[in-house]
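Residue-level structural notes
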2 protein chains.
Amino acid sequence: MLDTRETIMTLARAIVQAHGYQGLSFRDLAKAVGIKSASIHYHFPTKADLGAALARRYGEDARATLDGFLAETSDPATLLRRYVAVFRRALENDNRMCMCGFMAAEHDDLPEAVKSEVRAFADINVAWLAQVLRLADPAADPTATEKRAFAIFAAIGGAQLAARSRGDIALFDSIVESYCATGLIPA
Amino acid sequence: MLDTRETIMTLARAIVQAHGYQGLSFRDLAKAVGIKSASIHYHFPTKADLGAALARRYGEDARATLDGFLAETSDPATLLRRYVAVFRRALENDNRMCMCGFMAAEHDDLPEAVKSEVRAFADINVAWLAQVLRLADPAADPTATEKRAFAIFAAIGGAQLAARSRGDIALFDSIVESYCATGLIPA
DNA sequence: ACCTGAACACCGTTCAAGT
DNA sequence: ACCTGAACACCGTTCAAGT
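Now for a quick tour of the structure.

What counts, and where the lines are drawn
Residues numbered from 1 in each chain as written. Chains lettered and ligands numbered in written order. Predicted model: local features only at pLDDT ≥ 70, side-chain atom pairs only at ≥ 80, totals over all residues. Heavy atoms only, no water. Axes fitted to C-alpha atoms, helices over the stretch in contact; angles between N-to-C directions. Helix = DSSP H or I, 4+ residues; strand = E, 2+ residues; numbered from the N terminus. Parallel < 35°, antiparallel > 145°, perpendicular 65-115°, else oblique. Contact = heavy atoms within 4.5 Å. Least-squares fit on C-alpha atoms with pLDDT ≥ 70 in both. Near = heavy atom within 4 Å. Polar contact = N/O pair within 3.5 Å; in protein donor to acceptor, adjacent residues only side chain to side chain. Buried area = accessible area lost by both parts, 1.4 Å probe. Salt bridge = Lys/Arg side-chain N within 4 Å of Asp/Glu carboxyl O. Nonpolar A, V, L, I, M, F, W, Y, C, P; charged D, E, K, R; others polar. Core = buried A, V, L, I, M, F, W, Y, C linked by side-chain atoms within 4.5 Å. Buried < 20%, exposed > 50% of the residue type's maximum accessible area, 1.4 Å probe, protein only.

We now examine the packing of helix H9 (residues 169-182) of chain A against helix H8 (residues 142-166) of chain B. Direction vectors running N to C along H9(A) and H8(B) enclose 95°, while the axes themselves pass 9 Å from each other. In terms of orientation, H9(A) and H8(B) fall into the roughly perpendicular class. Mapping the contact onto sequence places A:Leu171, A:Ser174, A:Ile175, A:Glu177, A:Ser178, A:Tyr179 and A:Thr182 in H9(A) and B:Lys147, B:Arg148, B:Phe150, B:Ala151, B:Ala154 and B:Ala155 in H8(B).

See below:
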């Protein structure tokens, strides 16, 4: 038996991962929750409040998941494989995509509070990737490592977007294989 | 003095590159054109018709641009630099992005006729990139070359998305530099 | 051939009213 | 504390009516 507020957030996340922030309708969301659309506003006064809460929680969950990986192993290749698997899982879940990736496209129509959480999500990912890259090559230049981490983050997001547009998970795998083969993602 | 239909398409393209297909409003578009929203429907009966026309034209224009590059040089490094510059130009234009990249995210809410044009746009890009990769390495396995072309297309789209989310063109340049340094994009 | 105003069911938001 | 119905200005779409 979940809190109404938690139910709203869980269902809203799934909607945004499929339809974006612009595609999130309070009426549809309310229907899914089983209350009226005006009641959503009791828990989240505006759509901006809901969007910011969703993006913040998304980042917190990502951080927990990624730190969980680091607690289990310090083998860079394993860690990167698990990282890629997280993005694959979104596609497996009815061809959904990273919520903040979708929001990145919607940047111009995002309230400022949502924009800053989307930025924070990217920061969490890049910081974790940089940490893993340092495990693989501790002697590397820190600035170059950070750049490389951002490149991996961006490339995996692009692979997810390309695969989503065709509804083809095999394409995601194929693109990631190329990233590994060319050396963007270290094996 | 442009055709009304052409004016609609030009202004609509700029809107979709900034706000997506979902963010394209007939009322806003009509205001920009200088007619009433009901009049847009005379030229494009439904939003799906307009969206499909936009995506098709976008692909035709891309093909013309890319073939123009090939007519001027057959140096792979130069061609790839020009290809990257096309995506950079969208960001330079008020932080806009590739129209079909945005539409890829909106996949679930796209009419079928628009979806197929988005797919066709990707095909045009991948075919051109594969052609350039063959210039660089004619002996390479054709299947691997095609995979590599798709990886480059996806990665550049991801770089554009990441840079857009921060409104930071320097980040786009930095990510592309990493793609070149790691060997994903051949120099 | 091209445009318009008015209507329809939708959207986020507000608010007075319920329990 | 939590929910609701009704209203507001918005959305794409339709259509009869204008020129």
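What follows covers the relation of the copies chain B and chain A. Taken as rigid bodies, chain B and chain A are interconverted by a rotation of 180° and an axial shift of 0.0 Å, the fit giving an RMSD of 0.0 Å. Those values place the two copies in the arrangement expected of a two-fold rotation axis. Of the interface residues in chain B, 100% have counterparts in chain A that sit at the interface too, so the contact is made through matching surfaces.

We now examine the protein's contact with DNA strand C. Taken together, the neighbourhood of DNA strand C is formed by 16 residues, with A:Ser25, A:Phe26, A:Arg27, B:Lys36 and B:His43 sitting nearest. Counting only atoms of DNA strand C within 4 Å of the protein, the sugar-phosphate share comes to 58%. In this structure, A:Arg27 approaches DNA strand C through a side-chain N or O atom, which is 2.7 Å from a base nitrogen. Between A:Lys47 and DNA strand C, the recorded distance is 2.8 Å, taken from a backbone N or O atom to a phosphate oxygen.

Here we come to the interface of chain B and chain A. In this complex, chain B contributes 39 residues to the contact, which on the side of chain A involves 39 residues. Buried surface at the junction of chain B and chain A, both sides included, amounts to about 3500 Å², of which 58% is carbon and sulfur. The tally of links from chain B across to chain A stands at six salt bridges. In this structure, A:Asp123 and B:Arg166 form a salt bridge, with 2.6 Å as the shortest nitrogen-oxygen distance. In this structure, the connection of chain B to chain A is made through 12 residue pairs in polar contact (both at pLDDT 80 or more). The greatest single-element share of the side of chain B that touches chain A, amounting to 13 residues, is contributed by H8(B). Its residues assigned to classes, the side of chain B that touches chain A comprises 17 nonpolar, 12 polar and 10 charged.

Moving on: the protein's contact with DNA strand D. Taken together, 16 residues form the shell around DNA strand D, and within it A:Lys36, A:His43, B:Ser25, B:Phe26 and B:Arg27 come nearest. Here DNA strand D approaches the protein such that, of its atoms within 4 Å, sugar and phosphate make up 58%. The set of elements that each furnish at least two residues to the surface near DNA strand D consists of helix H3 (37-43) of chain A together with helix H2 (26-33) and helix H3 (37-43) of chain B. Class assignment of the residues belonging to the surface near DNA strand D gives a composition of six nonpolar, six polar and four charged.

Core analysis: the biggest nonpolar cluster contains 122 residues, and A:Tyr179 and B:Tyr179 have the highest contact counts within it. Once residues within four sequence positions are removed from consideration, A:Tyr179 is found in contact with A:Ala155, A:Ile156, A:Ala159, A:Leu184, A:Ile185, B:Ala151, B:Ala154, B:Ala155 and B:Leu184.

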